[in-house]
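Report on the structure
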Number of protein chains: 2
Amino acid sequence: MSKVSLEAARAWVAGVFIGNGARAEAARSVAAALVRAEAEGLKGHGLSRIPTYLTMLTSGKIDGAAVPTARRVRAATLAVDAANGFAYPAVDLALAELPAIVAETGIAAATISRSNHAGALGAHVEALADRGLIALFFANTPEAIAPAGGTKAVYGTNPIAFACPLPGRPAIVVDLALSTVARGNIVAANQKGEAIPEGWALDTEGQPTTDAAKALKGTMVALGGPKGTALALMVEVLAAALTGAHLAFEASSFLDDKGPPPGTGQTILVIDPAGFGHGAFGERITTLAGAIEAQAGARLPGQRRLALRQKAEAEGIALPADLVAKYGPA
Amino acid sequence: MSKVSLEAARAWVAGVFIGNGARAEAARSVAAALVRAEAEGLKGHGLSRIPTYLTMLTSGKIDGAAVPTARRVRAATLAVDAANGFAYPAVDLALAELPAIVAETGIAAATISRSNHAGALGAHVEALADRGLIALFFANTPEAIAPAGGTKAVYGTNPIAFACPLPGRPAIVVDLALSTVARGNIVAANQKGEAIPEGWALDTEGQPTTDAAKALKGTMVALGGPKGTALALMVEVLAAALTGAHLAFEASSFLDDKGPPPGTGQTILVIDPAGFGHGAFGERITTLAGAIEAQAGARLPGQRRLALRQKAEAEGIALPADLVAKYGPA
């Protein structure tokens, strides 16, 4: 498979979405996010999403014509309405407006409602960290994790992302879902007829299972058990209850054409490290990073992603052959 | 052991601290926190802390005369200086000032620097939730957890607490440390000469161990492995780097008279659910709670703590016999 530059890949992906009814600016936003995730090795949020996004777009679960709007409600708050379009243009809008707000207030938040799959969250918080800000991102996703002691999924895999600037170096980026593993691992094991490790999933009775088929009918295990489930509740409150979005168990799938728009939510918190009256942040974070990197085998989170991105920037990425056959080359 | 009312217990505990040099208001704040934790069954943050707090007080690791100060730096930020006194009066100061700020700004944050052991964090966030606010609390603690792939502790057990209002009912409260278990469990196993389960701790080589003595020389395992370690980094950044505090590996122990004041940090985030322009929060959180409680065996986090507190309010709590022998009865 021959590779194309990231710029060419973005133009090609945008063209596919425009050709299927998305407005140009939204298509470019989606293309940038998918190509970035692909370049960073985050395949589940990369070009593999194109077919499901197109399915959602053509079925109306994603409104390709939607234009997100933002309203500053209080001094430090922004309410963004993704209007049942793609999530990425709404995230872009929040990321564009938050830096000016936080410069005044020291901390600020944007909620995103009537939203959709927000992809690799690390890229969103990294964009704020690249502007010298600390950022947190909370998203809810369709049901996956049962409450502690329960058997039916109430929470999504509810990811948390975090980034902060590190003087003179790339930002530190954390991006994790609160399930022990991504559901895609169970789907893959089921397709191969393989067992899954204990600790990944529960069956419909709430019992641990190593049977991938039973796991797919059951629920995902939160990392660390009840503590992880409590964190999933926290994310559900911040990403969905606070934003007025659909709760995980009310949201339709991100992966098919069934039902109304998912209508999930996201909340972005941004903090100016200089907003608390001392100049110590740069020295403190540098000292912390130094203590981690001084240990053989330890490294800052996000380093693999960063290395893959640099490689992809130099070498390009491959486009999916089946889609190239259908839509033509880049 | 006869029990005394919570009010009598608070007065007695405050008297002990005043008798050992703490100013009265600080002593009352500490007493309220320790009695509350004891009443809620959180023994590790309850009256068992009195001897170690006294050791720190008399050695100067806690300045009993310190008066915390707060400075509003930006529209939505408050910088609190605990001045190497107890943490609780500084937390009280932040909790007193944050509601008026967040009413203007929709989201606000307080950093606390030159701080100390902040005890059971659930009580702090619950106080804000009782005022209709969503609250998050991040604290760093002396070194306990190694970075992923490393062998030396860099992070503390770095707790996260979260609370939100639930209309017509007690607030939902989450309070968890990012270690798989509290270190006290390993100390107890070591004293009894018992093995610990795999997954609690690593030895000095970074290998899993079931030997409690080796575990005490090694590091604590973060919940969920590398993901939990990444969350510990996030908390370290928010609680220490942002506040200009000592990092976990720089902080002296909360439990002895050795070294300078711990100088750890805490960050409190508070969000007004009404600050994003829609009135849906109350309905959304009620619907979420209903979906959890509809499942046999599932319950909202914090229910056990709440039940124990109600029992203690009715029946009182026991004071430590050795301290009563030394300081007299309540």
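All values reported here derive from a predicted model rather than from experimental measurement.

Points about the sheet that holds strand β7 (residues 169-176) of chain A
Residue and element names in this part refer to chain A. Strand order in the open sheet formed by seven strands is β2-β3-β4-β11-β5-β6-β7, and the pairing between neighbours is mixed. Edge positions in the sheet fall to β2 (69-74) and β7, since each has one partner strand and no second. The mean inter-strand angle of the sheet, taken between neighbouring strand axes irrespective of direction, is 15°. Inspection of the sheet shows strand β3 (residues 77-81) paired to strand β4 (residues 107-115) by five bridges, in the parallel sense.

So, the pattern of salt bridges
Within this structure, the stated rule accounts for 34 salt bridges over all chains. B:Asp272 is the salt-bridge partner of A:Arg74, the closest N and O atoms lying 2.9 Å from each other. Remark: B:Asp272 occurs in the loop between β11 (264-271) and α9 (281-293) and A:Arg74 occurs in strand β2; the pair is interchain, linking two chains. Residue classification places B:Asp272 among the buried positions, given a relative accessible area of 13%.

Regarding the relation of the copies chain A and chain B
Here chain A sits on chain B after a turn of 180° about the axis and a move of 0.0 Å along it, with an RMSD of 0.0 Å. The two molecules are tied by a two-fold rotation axis, judged by turn and shift. If distances are taken from each C-alpha of chain A to the rotation axis, the shortest is found for A:Gly224, at 2.3 Å. A share of 100% of the interface residues of chain A reappears at the interface of chain B, consistent with the copies meeting face to face through the same patch.

Re the sheet that holds strand β6 (residues 160-166) of chain B
All names here are of chain B. Reading across from one edge, β2-β3-β4-β11-β5-β6-β7 is the order of the seven strands in this open sheet, with mixed pairing throughout. At either end of the open sheet lies a strand with only one pairing partner, and these are β2 (69-74) and β7 (169-176). Sheet twist, expressed as the mean angle between neighbouring strand axes with direction ignored, is 15°. Inspection of the sheet shows β6 paired to β7 by six bridges, in the antiparallel sense. Note on β7: the bridge partner recorded for Ala-161 is Asp-175. The strands touched by helix α5 (residues 121-129) within the sheet are β5 (134-139), β6, β7 and β11, with β6 carrying the most contacts at an inclination of about 30°.

Here we look at unusual backbone geometry
All names here are of chain A. Of note in this structure, Arg-114 is not a glycine but carries a positive phi near 45°. Locating Arg-114 in the fold gives a position in strand β4. For Arg-114, a relative accessible area of 39% gives the class partly exposed.

Some details on the interface of chain A and chain B
Counting residues at the interface gives 78 residues for chain A, matched by 78 residues for chain B. Summed over both sides, the interface between chain A and chain B buries roughly 6,000 Å², with carbon and sulfur atoms accounting for 74% of that surface. The largest share of the area that chain A buries against chain B comes from A:Arg74, A:Phe276 and A:Arg284, three residues that together contribute 12% of it. Broken down by element, the side of chain A that touches chain B gets its largest block of residues, nine residues, from helix α8 (residues 226-241) of chain A. For the side of chain A that touches chain B, the class distribution of residues is 49 nonpolar, 19 polar and 10 charged.

Regarding the environment of A:Val13
Among the secondary structure elements, A:Val13 is positioned in helix α1 (residues 6-19). Considering only alpha carbons, one finds A:Val13 and A:Glu315, 302 residues apart in sequence, at a separation of 18 Å.

Quick notes on the rules
Within any chain, residue numbers begin from 1 and follow the written order of that chain's sequence. Written order decides the labels, with chains lettered from A and ligands numbered from 1. Two thresholds apply to this predicted model, a pLDDT of at least 70 for residue-level local features and 80 or more for giving and counting side-chain atom pairs, whereas whole-chain, interface and lining totals are computed over all residues. Each side-chain value is worked out from all heavy atoms of the structure, with water and hydrogens disregarded. Any two strands with at least two DSSP-identified bridges between them are counted as paired. A run of H or I in DSSP becomes a helix once it reaches four residues, and a run of E becomes a strand once it reaches two; helices and strands are each numbered from the N terminus. Inter-axis angles, ranging from 0 to 180 degrees, are taken between N-to-C directions of lines fitted to C-alpha atoms, where helices are fitted over the stretch in contact. What makes a salt bridge here is a side-chain nitrogen of Lys or Arg within 4 Å of a carboxyl oxygen of Asp or Glu, nothing more. Here the term buried applies to any residue with accessible area under 20% of the maximum for its type, exposed to any over 50%, and partly exposed to those in between, with areas from a 1.4 Å probe on protein chains only. The superposition of copies rests on a least-squares fit of C-alpha positions from residues with pLDDT of 70 or more in both. The contact definition used throughout considers only heavy atoms, calling two residues in contact when any of these lie within 4.5 Å. By definition, the buried area sums, over both parts, the 1.4 Å-probe accessible area that each loses when the two are put together. In this classification, the charged set is Asp, Glu, Lys and Arg, the nonpolar set is Ala, Val, Leu, Ile, Met, Phe, Trp, Tyr, Cys and Pro, and all remaining amino acids, among them Gly, are polar.

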